[in-house]
Amino acid sequence: QRLVELLSDRVKFSTQRDNEHVKMMALGRLSAGLAHELNNPAAAVQSAADALKNRFRDLAGIVSELASLSLTPDQLSKAMPSLSECEWPIVLSTLERGKREDELTQWLEEREIVEAWKLAPNLVDCGITLANLEETASLVPNESIPQIIHWVEMQLSARSLVDDIKASSAKISELIGSVQSYSHMDRDPSKQVVDIVEGIESTLTMLGHKIRKQDIQVQRHYATDCPPVNVFPGEINQVWTNLIDNAIDALQVRGPLTLSTSLSDDSVLVRREDNGSGIPLEVQSRVFEPFFTTKPVGDGTGLGLDI
């Protein structure tokens, strides 16, 4: 009887250790994906900050040139709004963008403005049109037009770079918020009343790199009348992770992944659908066995649908 008790304890310990091992493997994969997600906006912030530093350095030289032209404050105040108050950012087709760039490049070259080919795309991105340039040219002396154009372009580009930094920083904050929501690091680990959709969306963010890599189209159909539910937040998020990760693996490349919620009597029903390979008939009776998987070693989370 003592040997049986010892053996039973060892089996429990071994099972617990295996479970923790596969959870750590899953955490490692999620961490790698999160690092990839964070790398893009972080790199964008660094690139925009470097470009902004160069803009401010060049802006000082342009301001000195403007001061030497003895322009009146009234001329400067009239020239700046005609360019800086244009509508931006703008969305243009490739054809429209190319046409605008050609028009602005030609206008700048006719006035012998240095690096017209480089200025034109930046001006187009900032919403500058040919009419804006013509209006500015009519308000200032001809000899000051190159400096005015460079001055305005640098200020608009600097503003655009600041917006890029702000957007990238917001993306980083969003990712960190999703991690906190997904893992519930700052919350009580006991049962809580949570919004199911929030947990699903956090899981989608955590698996975003795999979804984009395989070009999977996520379709959402969330009912608006679903109440919060009383669950273990960390554990229910593991369920979403396994279900969605399985769907991504089954879909391989492209294909739709549909997630929906609805109210069924007194329960919230969550449904996940995909048009992947499906579960072979001969193994369907085993899918809820602990640690059962049809994937090769190293693929998946290792926890199986038993979770």
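Look above for the structure.
To keep things clear, this report deals only with the structure shown in the data block. Bear in mind that the values here come from a model prediction, so they are computed numbers and not experimental data.

Some points on the packing of aromatic side chains
In the structure shown here, the tally under the stated rule is zero aromatic pairs. The residue whose ring lies beneath Arg 111 is Trp 107, and the NZ or CZ to ring-centre distance is 3.9 Å.

Considerations on unusual backbone geometry
At Asp 215, a position not held by glycine, the phi torsion is positive, near 55°. Its place among the elements puts Asp 215 in the loop between α8 (208–213) and β2 (217–222).

Observations concerning the pairing of strand β5 (residues 267–274)
As judged from the eight bridges shared by strand β4 (residues 256–264) and β5, these two strands associate in the antiparallel manner. Pairing of Thr 261 across the sheet is with Val 270, part of β5. The turn joining β4 and β5, which pair antiparallel and follow one another in sequence, is formed by two residues; a positive phi near 55° is taken by Asp 265.

Some thoughts on the side chain of Asn 132
Secondary-structure assignment places Asn 132 in helix α5 (residues 130–137). Judged by relative accessible area, Asn 132 falls into the buried class, the value being 14%. At a separation of 2.9 Å, a polar atom in the side chain of Asn 132 contacts the main-chain amide nitrogen of Thr 129.

Rules behind the numbers
- Residues numbered from 1 in each chain as written.
- Predicted model: local features only at pLDDT ≥ 70, side-chain atom pairs only at ≥ 80, totals over all residues.
- Heavy atoms only, no water.
- Phe/Tyr/Trp six-rings, centres within 6.5 Å; stacked < 30°, edge-to-face > 60°.
- Lys NZ or Arg CZ within 6 Å of the ring centre and 35° of its normal.
- Helix = DSSP H or I, 4+ residues; strand = E, 2+ residues; numbered from the N terminus.
- Pairing = 2+ DSSP bridges.
- Buried < 20%, exposed > 50% of the residue type's maximum accessible area, 1.4 Å probe, protein only.
- Polar contact = N/O pair within 3.5 Å; in protein donor to acceptor, adjacent residues only side chain to side chain.

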